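Understanding the architecture of this molecule
In case you want the letters, here they are:
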Amino acid sequence: MRPPDGGDGLLTGEGRVMGMVFAKDTDKAGVGYALAAGEFAPAAAAGRNATRAVSHGPC
């Protein structure tokens, strides 16, 4: 994983999305982390139909 890979899809060999990359390990070379597609599918579906802005909180 290299910047700006965060948020990229993690794909199977057939090109299907199996997850989303969100971080790399700063202590272990070649190690990255991803959410499984099922973990973020509900939020992605809700966002697809969103029509108004929401607060980003304390970011």
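The shown structure was predicted, so the numbers you read here are calculated from the model rather than taken from an experiment.

1. Here's the deal with the confidence of the model for the chain
- The pLDDT averaged across the chain works out to 86; a share of 95% of its residues lies at or above 70.
- The least confident element of the chain is strand β1 (residues 9-11), whose mean pLDDT is 87; the most confident is strand β3 (residues 32-36), at 90.

2. Here we look at a nonpolar patch on the surface
- On the surface, F22, V31 and Y33 cluster together into a nonpolar patch covering about 260 Å² of accessible area.
- Among the structural elements, Y33 can be located in strand β3.

3. What about the sheet that holds strand β2 (residues 17-24)?
- Strand order in this open sheet of three strands is β1-β2-β3, and the pairing throughout is antiparallel. Across the chains shown, the open sheet's two edge strands, defined by having one partner strand only, are β1 and β3. Sheet twist, expressed as the mean angle between neighbouring strand axes with direction ignored, is 45°.
- Two elements, β2 and β3, share five bridges in a ladder whose sense is antiparallel. Within β3, the residue paired with M20 across the bridge is L35.
- Contacts from helix α1 (residues 37-48) reach β2 and β3 within the one sheet, and its direction differs from that of β3 by about 60°.

4. Details of the side chain of D25
- Turning to its location among the elements, D25 is positioned in the loop between β2 and β3.
- One buried charged side chain, D25, makes no salt bridge at all; its nearest oppositely charged neighbour is K28, positioned 4.3 Å away.
- In terms of polar contacts, D25 uses its side chain to reach the backbone amide nitrogen of K28, at 3.1 Å.
- Excluding anything up to four places from it in sequence, D25 contacts V31, G32 and Y33.

Rules of the game
- Residues numbered from 1 in each chain as written.
- Predicted model: local features only at pLDDT ≥ 70, side-chain atom pairs only at ≥ 80, totals over all residues.
- Heavy atoms only, no water.
- pLDDT = per-residue confidence, 0-100.
- Helix = DSSP H or I, 4+ residues; strand = E, 2+ residues; numbered from the N terminus.
- Patch = residues over 30% accessible without salt bridge, like charges linked within 9 Å, V, L, I, M, F, W, Y side chains within 5 Å.
- Areas by Shrake-Rupley, 256 points an atom, 1.4 Å probe, with all protein chains shown as cover.
- Salt bridge = Lys/Arg side-chain N within 4 Å of Asp/Glu carboxyl O.
- Pairing = 2+ DSSP bridges.
- Axes fitted to C-alpha atoms, helices over the stretch in contact; angles between N-to-C directions.
- Contact = heavy atoms within 4.5 Å.
- Buried < 20%, exposed > 50% of the residue type's maximum accessible area, 1.4 Å probe, protein only.
- Lys, Arg positive; Asp, Glu negative; His and termini not counted.
- Polar contact = N/O pair within 3.5 Å; in protein donor to acceptor, adjacent residues only side chain to side chain.

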